[in-house]
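Below, each chain spelled out in residue letters.
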Amino acid sequence: MNAIAQARYGIDSYKDWLRKEGLRVVEGLAINCFEVETAEWPRVGTRAAALHLDGRGDFCNMFLHDLGPGKASRPQRHVFEEVIYVLEGAGSTQLELPNGEKRAFEWGAASLFAIPLNAKYRHFNASGSERALFVSTTNLPMMLNLFHNEGFVFDNSFDFDDRVGRKEFFAGEGVMNLVRQGNNTWETNFVPDLQKIELPDFSDRGAGGGNLLFLLADSSMHAHVSEMPVGTYKKAHRHGPGYHVMCVGGSGFSLMWREGDKDFERVEWTHGVVFPPADQQWHQHFTTSAGSARYLATGFGSLRYPFTQARRQEILGEKVAFSTSVRDGGDQIEYADQDPRIHQVFLAELARRGLKSGMDRFFPR
Ligand SMILES: [Fe+2]
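Residues numbered from 1 in each chain as written. Predicted model: local features only at pLDDT ≥ 70, side-chain atom pairs only at ≥ 80, totals over all residues. Heavy atoms only, no water.

### What about helix H2 (residues 13-21)?
Defined as follows: Per-residue accessibility, obtained with a 1.4 Å probe over protein chains only, is compared with the maximum for each type, and a residue is labelled buried under 20%, exposed over 50%, and partly exposed between these values. The numbering of helices and of strands both runs from the N terminus, where a helix is a DSSP run of H or I of at least 4 residues and a strand a run of E of at least 2. Note that the arc is computed from the directions linking the helix axis to the C-beta atoms. Note on contacts: a residue pair qualifies if any of its non-hydrogen atoms lie within 4.5 Å across the two residues. For the purposes of these results, a polar contact is taken to be a pair of N or O atoms within 3.5 Å, where, inside protein, one atom must be able to donate a hydrogen and its partner to accept one; residues adjacent in sequence count only when each atom of the pair is a side-chain atom.
Every buried residue of H2 is accounted for by Ser13, Tyr14, Trp17, Leu18 and Glu21. Across the axial projection of H2, the buried residues extend over an arc of 140 degrees, all falling on one side. For H2, the exposed residues set more than 90 degrees away from the buried face come down to Arg19 and Lys20. Buried residues along H2 sit in contact with strand E1 (25-28), strand E3 (39-41), strand E4 (46-53), strand E5 (61-67), helix H3 (140-147) and helix H4 (150-154). For H2, the N-terminal capping position is held by Asp12, with its side-chain oxygen 3.1 Å away from the main-chain nitrogen of Tyr14. Gly22, located one to two residues past H2, shows a positive phi value of around 75 degrees.

Dropping the structure here:
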């Protein structure tokens, strides 16, 4: 045994736990959830895989669950937070609250919900013939590395009764907090359909898009949905790692690059493709569908509980970088300042598909 191993340095308690669980791990720059091969996960009672995307950072992971026809997951509770997005199928989730009360809600494709911290829960597939496929973004890597004790995380009887949320939050109702563009939230526990929910304006990011953030189960997990109208694209921007971007409607592509790179990495996306841009990597999203496109982004650090000082200053309006031009010290590239190749890539893609650009007003001839 070498000295480092003997001293027990450099431990990754999350990855050690994964190996013990025998869970399949899938890695990549981008992953299409519909193409992932899953395997039985006895702890949960689903076919599952852990998704480790290149840009996920240190705090988050994803679990993909395939719940077979007529099946139910095993009852779970755990001291990590998770936000769940339903890719396919229909079913319900039952929760048992600290006071013994039960809550149940029914979900379908494009539903989004969070499990309140350490609440007991179980998922049920409502169909006898079709699978239910859902993906969760969690902060388990952070929790296992913080406590490095599986029992604390998975076998903990502490009741977080402050995390439960109001009864109506499980029925798709919520509270709208309109603060400013890009920081408007819908506080709830359950969103029935991300493809249909109405979005406030977010034209600061360009081309008439909409955007809504979610405060789910009073957690520190972030989730937001953005829409880009047909024939448009957003301005490039950058931020910290771990925001898992996943297409929930329409189609498009994204370009990603690091400061000083000569070329772009390109990710094509349709429903179910997920990719988190890496730490401070520039990224820009483009619609190529005949209608508008929507994507969901999930990660660690919510508007209420941002976790880092930079993010807190951003949210409190003390130092707003995310919608400020890079010329003024911010983290956004205005259309007029972007690499001229970018607009050409977009126009060529639209031409190939016989679509008209909705960007002319931003690029006067
Ligand atoms: Fe982003």
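### Here's the deal with the domain arrangement of the protein chain
For the record, the criterion: Delimitation of the domains relies on an automatic or database domain assignment. Two parts placed together each lose some accessible area under a 1.4 Å probe, and the buried area is that loss summed for both. Take a side-chain nitrogen of Lys or Arg and a carboxyl oxygen of Asp or Glu: if they are within 4 Å of each other, that pair is a salt bridge.
Here the domain parsing of the protein chain yields domain 1 (3-167) and domain 2 (170-362). For domain 1 versus domain 2, the separation of C-alpha centres amounts to 25 Å. Of the residues lining the interface, 40 residues belong to domain 1; the matching set on domain 2 comes to 38 residues. Taking both sides of the interface into account, the surface hidden between domain 1 and domain 2 amounts to around 3200 Å²; carbon and sulfur atoms contribute 69%. Area buried by domain 1 at its contact with domain 2 is led by Leu29, Tyr85 and Leu112, which between them contribute 19% of it. At the surface where domain 1 touches domain 2, the tally comes to zero salt bridges. Remark: the boundary between domain 1 and domain 2 carries twelve residue pairs in polar contact (both at pLDDT 80 or more). Contributions of two or more residues to the side of domain 1 that touches domain 2 are made by strand E2 (31-32), strand E6 (82-88), strand E8 (102-107), strand E9 (112-115) and strand E11 (132-138).

### Things to note about the environment of Ser157
The topology assignment puts Ser157 in the loop between H4 and strand E12 (175-177). Exposure remark for Ser157: the relative accessible area of 61% places this residue in the exposed category. Put simply, Ser157 and Gly45 are 112 residues apart on the chain and 21 Å apart in space, counted from C-alpha to C-alpha.

### Details of the coordination of the iron ion
To keep it simple, the criterion reads: Here a donor is any nitrogen, oxygen or sulfur atom (N, O, S) within 2.8 Å of the metal, with 3.2 Å used for Na, K and Ca; water is not among the atoms considered, so some sites may look incomplete.
Around the iron ion, the protein contributes the donor atoms His237 (NE2), His239 (NE2) and His283 (NE2), at 2.1 to 2.2 Å from the metal centre. When the donor residues of the iron ion are listed from N- to C-terminus, their spacing reads H-x1-H-x43-H. Note on His237: relative accessible area 7%, which makes it buried.

### Here's the deal with the sheet that holds strand E21 (residues 273-275)
The condition is simple: Paired strands, in this sense, are two strands between which DSSP finds at least two bridges.
In spatial order, the strands read E2-E21-E18-E23-E16-E15-E13-E12; together these eight strands make up an open sheet with mixed pairing. In this open sheet, the two strands that pair with only one neighbour each are E2 and E12. Of the strand pairs in this sheet, strand E16 (residues 221-228) and strand E23 (residues 293-300) are connected by eight bridges, and their pairing is antiparallel. From the neighbouring strand, Ser226 faces E23, where its bridge partner is Tyr295.

### Describing the pattern of salt bridges
Summed over the entire model, instances satisfying the criterion amount to 25 salt bridges. In this structure, the salt-bridge partner of Arg47 is Glu40, at a minimum N-O distance of 3.6 Å. The exposure class of Arg47 is partly exposed, given its relative accessible area of 34%. Owing to a relative accessible area of 48%, Glu40 belongs among the partly exposed residues under this scheme. A salt bridge links Glu101 to Arg103, with the nearest nitrogen and oxygen atoms 2.5 Å apart. Of the residues examined, Arg103 reaches a relative accessible area of 11% and is grouped as buried. Sharing partners across several salt bridges, the network here consists of Arg266, Glu268, Glu349, Arg352 and Arg353.

### Thoughts on the nonpolar core
Heads up, the rule is: To define a nonpolar core, start from buried Ala, Val, Leu, Ile, Met, Phe, Trp, Tyr and Cys residues and group those joined through side-chain atoms within 4.5 Å.
Counting residues in hydrophobic clusters, the biggest one holds 52 residues, and the most contacted among them are Leu51, Tyr85, Leu112 and Phe214. No other element matches the five residues that E4 contributes to this core. Shared between two domains, this core takes at least three residues from each, and those domains are domain 1 (3-167) and domain 2 (170-362). Formed by 16 residues, the second largest nonpolar core is a distinct cluster that contains Val86, Leu95, Trp107 and Phe113.

### A word on H3
Listed as buried for H3 are Leu140, Pro141, Met142, Met143 and Leu144. Once H3 finishes, His148 follows within two positions and takes phi at roughly 30 degrees, a positive value.

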